[in-house]
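Each chain, written out:
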Amino acid sequence: MAEARPGLALRFQRRFLAARPLRSLPWPELEESLRTAPDSALLADILHKTILHPLCVKYPPSAKYRRCFLTELIKKHESTAAEPLDELYDALADVLKEEESTHCYKNYLLPTGDCVSLSESTALISGGTTGLVTWEAALHLAQWALENPGVFRGRTILELGSGIGFTGIAICKTCQPRTFVFSDCHPRVLTQLGENIQLNGLIPEPDRTWSIQTESQGQQVEGENCQNPKVIIAELDWGSVTEKQLLGLRADVVIAADVVYDPEIILALIGMLQKLSTSRADRKVPEVFIAFTIRNPDTYQLFQAELDKVGIRWQMIPAHSSCNFLYDVQPEVTILQLFI
């Protein structure tokens, strides 16, 4: 079991730093390892790769999450004959002193060795919006992007409904786009989005939010260095944005995740896609990729029916076998490529 030890601690690390549900952590493997060879060194290794990891110290998951994690880790330790480990109890004592916050951090480790750190709301719905947390489809869309960097390299990307920014930040860090336009319409979401973009070392255009420009101004959007893409935060209302304003964005690729969940939003999204299709002038029409979790089959079928009604062709992108960022459950997420 000693050979499996490094891998086991790393599996704990990736799930813990991303604050995945505690039930998804590899507790059964830990129990088996401790039964075979009771060893405080393994528990100390897990502690240092999670609670005491520099990322956790700087950008910690919620106090409740860390408290429950340490409580479970201590239970596993006490159920064995392993040597006492004062560090575990000291860490729990420190967490117990903390007050709960309305925000927490999640850290997603990228295959490149870099990571995406996000400040999120601890509530699924906060400030009248669901946009202050990261949803499963955003994780899947980022996974697909990492596997298909050529779609984004050297191009201008427009993300609709960016939320707090996971997908776009992951693409900026790994796929070398020329320009990335994050967009949303909710003021609190835009504020949190801007903070997360800067948290990850990306520098958005000087204004906190960039109002959609006219075509002539939009030509200045192109970034020069794909290693450091130009980043823009746009306040974008699908209903009021004009075709001329969209033309100014000069998007080569349009992406969105978890924006198909309500009939009214579906109709607004379809209208937005129609504007994109007629705002290309002599430019090539943008490639469009939409990822969504199928929570209600009727909503999914409505989206497809509305696409068919306005003549927007679509095809399903083959799903990858697993998502690096989910680790535990694999929800039914679909990615559609649309031909507008």
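Given the structure is predicted, the values throughout are model-derived calculations rather than measurements. (Residues numbered from 1 in each chain as written. Predicted model: local features only at pLDDT ≥ 70, side-chain atom pairs only at ≥ 80, totals over all residues. Heavy atoms only, no water.)

J.: Explain the overall build of the chain to me, using residue names and the numbers behind them.
T.: When helices and strands are counted, the chain shows 13 helices and 10 strands. Within the span of the chain, comprising 340 residues, buried residues form 53% of the whole. Here the analysis covers contacts within the chain between residues at least 6 apart in sequence; of these, 74% occur between residues at least 24 apart. Counting only carbon and sulfur atoms, one obtains 50% of the accessible surface of the chain, whose full area is about 15,300 Å². (Helix = DSSP H or I, 4+ residues; strand = E, 2+ residues; numbered from the N terminus. Buried < 20%, exposed > 50% of the residue type's maximum accessible area, 1.4 Å probe, protein only. Contact = heavy atoms within 4.5 Å. Areas by Shrake-Rupley, 256 points an atom, 1.4 Å probe, with all protein chains shown as cover.)

J.: Describe in detail helix H9 (residues 187-199), supporting the description with residues and values.
T.: For H9, built from 13 residues, the straight-helix expectation of 18 Å at 1.5 Å per residue is met to within 8% by its first-to-last C-alpha distance of 18 Å. Those residues of H9 lying buried are Val189, Leu190, Gln192, Leu193, Gly194, Asn196 and Ile197. In this structure, the buried residues of H9 make contact with strand E1 (103-109), strand E2 (115-121), helix H8 (166-174), strand E4 (179-184) and strand E6 (230-235). Trailing H9 by a residue or two, Gly201 shows a phi angle of about 80 degrees, which is positive. (Expected span 1.5 Å × (residues − 1).)

J.: Requested: an account of the packing of helix H7 (residues 136-147) against H8, with residues and values cited.
T.: Between H7 and H8, whose axes approach to 8 Å, the crossing angle comes to 15 degrees. On the basis of their axis angle, the class for H7 and H8 is roughly parallel. Every pair of crossing elements has a handedness; the one defined by H7 and H8 is right-handed. Seen from H7, the contacting residues are Ala138, Leu139, Leu141, Ala142, Ala145 and Leu146; seen from H8, they are Phe166, Thr167, Ala170, Ile171 and Thr174. Along the lines of polarity and charge, the residues of the contact of H7 with H8 split into 9 nonpolar, 2 polar and no charged. (Axes fitted to C-alpha atoms, helices over the stretch in contact; angles between N-to-C directions. Parallel < 35°, antiparallel > 145°, perpendicular 65-115°, else oblique. Left-handed = near helix turned anticlockwise from the far one by under 90°. Nonpolar A, V, L, I, M, F, W, Y, C, P; charged D, E, K, R; others polar.)

J.: Give me the lowdown on the pattern of salt bridges, citing residues and values where you can.
T.: For the structure shown, the criterion picks out 12 salt bridges. Between Lys97 and Asp94 there is a salt bridge; the shortest N-O distance is 3.8 Å. Take Asp94: its relative accessible area is 46%, and that puts it in the partly exposed class. Through salt bridges with shared partners, a single network forms among Glu31, Glu72 and Lys76. (Salt bridge = Lys/Arg side-chain N within 4 Å of Asp/Glu carboxyl O.)

J.: Please provide a residue-by-residue account of the packing of aromatic side chains, values included.
T.: Evaluated as defined, the whole model comprises 12 aromatic pairs. Ring plane angle 65 degrees and centroid distance 6.5 Å describe the contact between Phe12 and Phe69, whose orientation is recorded as edge-to-face. Of this pair, Phe12 sits in helix H1 (residues 5-17) while Phe69 sits in helix H5 (residues 63-78), placing them 57 residues apart in sequence. Note on Phe12: relative accessible area 0%, which makes it buried. Centroid distance Tyr59 to Tyr105: 5.1 Å. Interplanar angle 45 degrees. Geometry classified as tilted. (Phe/Tyr/Trp six-rings, centres within 6.5 Å; stacked < 30°, edge-to-face > 60°.)

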